[in-house]
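Reading the structure
Here is how the chains run, residue by residue.
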Amino acid sequence: MRSSNPVFSRQGAFTRDTGYAGFGPSQSAGPHAPQSPPPGGPYAGGPYANNPYDQQPLSAEQLQQMYGAPAAGPLDTGRMTMDDVVARTAMTLLTLVAAGALAWFAVPAGAFGIPMVAALAAFVIAMVVSFRRTVSPALVLAYAALEGVFLGAISKALDVYFSGIAVQAVLGTAAVFAGMLVAYRSGRIRVTARYQRIGLAVAMGFVLLLVVNMVAALFGADLGLRSGPVGILVGVLGICLGAFFLSLDFHEIEQGVRGGAPEREAWRAAFGLTLSLVWIYLEMLRLIAILRGDD
């Protein structure tokens, strides 16, 4: 079943189309189909007439050694493992945190010029990574760095009015991640086709609502979606959608590891997880600001 997650639904993502034995695309018969070799072998009459693979039958002891050897694991075949995903995700998040810390100390509070440029650049890179056939580690890390600059500056600006809000948002994001991981691993949450359809429909409606709210704000209108009781409900819904995205990420990673995806796809998995965590963190910031602003 094809994934509904835009990050993991690119052609070639988490698939075995990279030439592994037994999994390559089949060749149809036609005028270019392989022909039978000439008598005497393909190298008859040439310097390679002696076939180096035409060896004597193996002895029983040699066969026993071959059968007794350990099977090739994912690391030997270049396939993605869970350790690969953890390592790439850690590198991506560390890059994001380092860039965020740099922006926290280097960008003055309330100066949004550089952060907004970084956010726009991060958005463009995210689109490129999402729709690119082959994942690029450099682009993933570039996205993390630029997104970190934006998050660091926004967090510092909010911290001026709500001291400690960044730490609260980080703890809240970590709690959502841990809770979803436990729920998914224990089988309490199962990613089915119906689950994905409902979740993505809600997500599209949520994004559309935010776009309408942003356009209204540009014309000086306030729909109240980011303040008061309605703002709290919208914030909770946004966090729930982030948790939903995490469950899709967990499912795709599990399917990729089980299906023998190429090792490089661990970077795509790290990118997807980072996107979901950034979404949750931003929604957590907004929700905490609303709650503390009503005190």
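Structural notes, computed from the coordinates. As the structure is a computational prediction, the values presented were derived from the model and not from experiment. (Residues numbered from 1 in each chain as written. Predicted model: local features only at pLDDT ≥ 70, side-chain atom pairs only at ≥ 80, totals over all residues. Heavy atoms only, no water.)

Details of the overall build of the protein
The test is simple: Helix numbers and strand numbers start at the N terminus; a helix is a DSSP run of H or I with at least 4 residues, a strand a run of E with at least 2. Buried residues are those whose accessible area, probed at 1.4 Å on protein chains only, stays under 20% of the maximum for their type, while exposed residues exceed 50% and partly exposed ones sit between those limits. Contacts are residue-level and defined by heavy atoms, with any inter-residue pair within 4.5 Å sufficient. Residue-level accessible areas treat just the shown protein chains as cover; the underlying method is Shrake-Rupley with a 1.4 Å probe.
Per the secondary structure count, the protein includes nine helices and zero strands. Ordered by position from N to C terminus, the α and β elements of the protein give α-α-α-α-α-α-α-α-α. The burial tally for the protein puts 38% of its 295 residues in the buried class. Taking all contacts inside the protein whose residues are at least 6 apart in sequence as the whole, residues at least 24 apart take part in 85%. Approximately 17400 Å² of the protein is accessible, and the part contributed by carbon and sulfur atoms is 66%.

What about the pattern of salt bridges?
The line we're drawing: Any Lys or Arg side-chain nitrogen found within 4 Å of a carboxyl oxygen on Asp or Glu counts as a salt bridge.
Here the structure, examined in full by the defined rule, presents six salt bridges. Ionic pairing is found between Arg-185 and Glu-254, a salt bridge with its closest N-O pair at 4.0 Å. With a gap of 69 residues between them, Arg-185 in helix α6 (residues 165–185) and Glu-254 in helix α8 (residues 228–259) connect regions that are remote in the sequence. Arg-185 gets classed as exposed once you look at its relative accessible area, which sits at 60%. Here Glu-283 makes a salt bridge to Arg-286, at a shortest N to O gap of 2.9 Å. Of the two residues, Glu-283 and Arg-286 are both situated in helix α9 (residues 265–293); the distance of three residues between them amounts to about one turn of the helix. Classification of Glu-283 by relative accessible area gives buried; the value is 3%. One network of salt bridges, in which partners are shared, links Arg-185, Glu-254 and Arg-258.

With respect to the packing of helix α7 (residues 193–218) against α8
Put simply, the rule reads: To define axes, lines are fitted to C-alpha atoms, for helices over the stretch in contact only, and angles between the resulting N-to-C directions are given on a 0 to 180 degree scale. For classification purposes, an angle smaller than 35 degrees is called roughly parallel, one larger than 145 roughly antiparallel, one from 65 to 115 roughly perpendicular, and anything else oblique. Here is the rule for handedness: rotate from the far helix to the near one, and if that takes an anticlockwise turn smaller than a right angle the crossing is left-handed, while a clockwise turn gives right-handed. The nonpolar class holds Ala, Val, Leu, Ile, Met, Phe, Trp, Tyr, Cys and Pro. Asp, Glu, Lys and Arg form the charged class, and all remaining residues, Gly among them, are polar.
Between α7 and α8, whose axes approach to 10 Å, the crossing angle comes to 140°. Judged on the interaxial angle alone, α8 and α7 are oblique. The two elements α7 and α8 meet at a crossing, and its hand is left-handed. Counted together, Tyr-195, Gln-196, Gly-199, Leu-200, Val-202, Ala-203 and Phe-206 of α7 and Val-234, Leu-237, Gly-238, Leu-241, Phe-244, Phe-245, Ser-247 and Leu-248 of α8 form the full contact between these two elements. Here the residues of the contact of α7 with α8 are counted per class, giving 11 nonpolar, four polar and no charged.

Regarding the nonpolar core
To keep it simple, the criterion reads: Nonpolar cores were defined as sets of buried Ala, Val, Leu, Ile, Met, Phe, Trp, Tyr and Cys residues, with membership established by side-chain atoms within 4.5 Å.
In terms of nonpolar packing, the biggest core is built from 54 residues, with Val-85, Tyr-143, Leu-151, Val-176, Met-180, Leu-246 and Met-284 touching the most fellow members. Looking at this core, the elements that each hand over two or more residues are α3 (82–106), α4 (113–131), α5 (137–161), α6, α7, α8 and α9. Those residues in contact with Leu-246 that lie beyond four places of it in its chain are Val-176, Phe-177, Met-180, Leu-273, Ser-276, Leu-277 and Ile-280. Formed by six residues, the second largest nonpolar core is a distinct cluster that contains Ala-99, Ala-118, Val-149 and Ala-153.

Quick word on the packing of aromatic side chains
Put simply, the rule is: The aromatic pairing rule takes the rings of Phe, Tyr and Trp, using the six-membered ring of Trp, and pairs them if the centres are within 6.5 Å, calling planes under 30 degrees apart stacked, those over 60 edge-to-face and the rest tilted.
For the structure on display, the rule yields seven aromatic pairs. Considering the side-chain rings of Tyr-143 and Phe-271, the 5.3 Å spacing of their centres and the 75° angle between planes classify their relative orientation as edge-to-face. Of the two residues, Tyr-143 is situated in helix α5 and Phe-271 in helix α9; the sequence distance between them amounts to 128 residues. On the basis of relative accessible area, Tyr-143 is assigned to the buried category, the value being 3%. Residue classification places Phe-271 among the buried residues on the basis of a relative accessible area of 0%. Plain terms: the ring middles of Phe-177 and Phe-250 are 5.7 Å apart, the flat faces sit at 75° to each other, and that makes the pair edge-to-face. Taken together, the residues span a long stretch of sequence, with Phe-177 in helix α6 and Phe-250 in helix α8 at a distance of 73 residues. Overall, Phe-250 belongs to the buried group, its relative accessible area being 8%. Connected via pairs of aromatic rings, a cluster forms that spans Tyr-195, Phe-206, Phe-244, Phe-245 and Trp-279.

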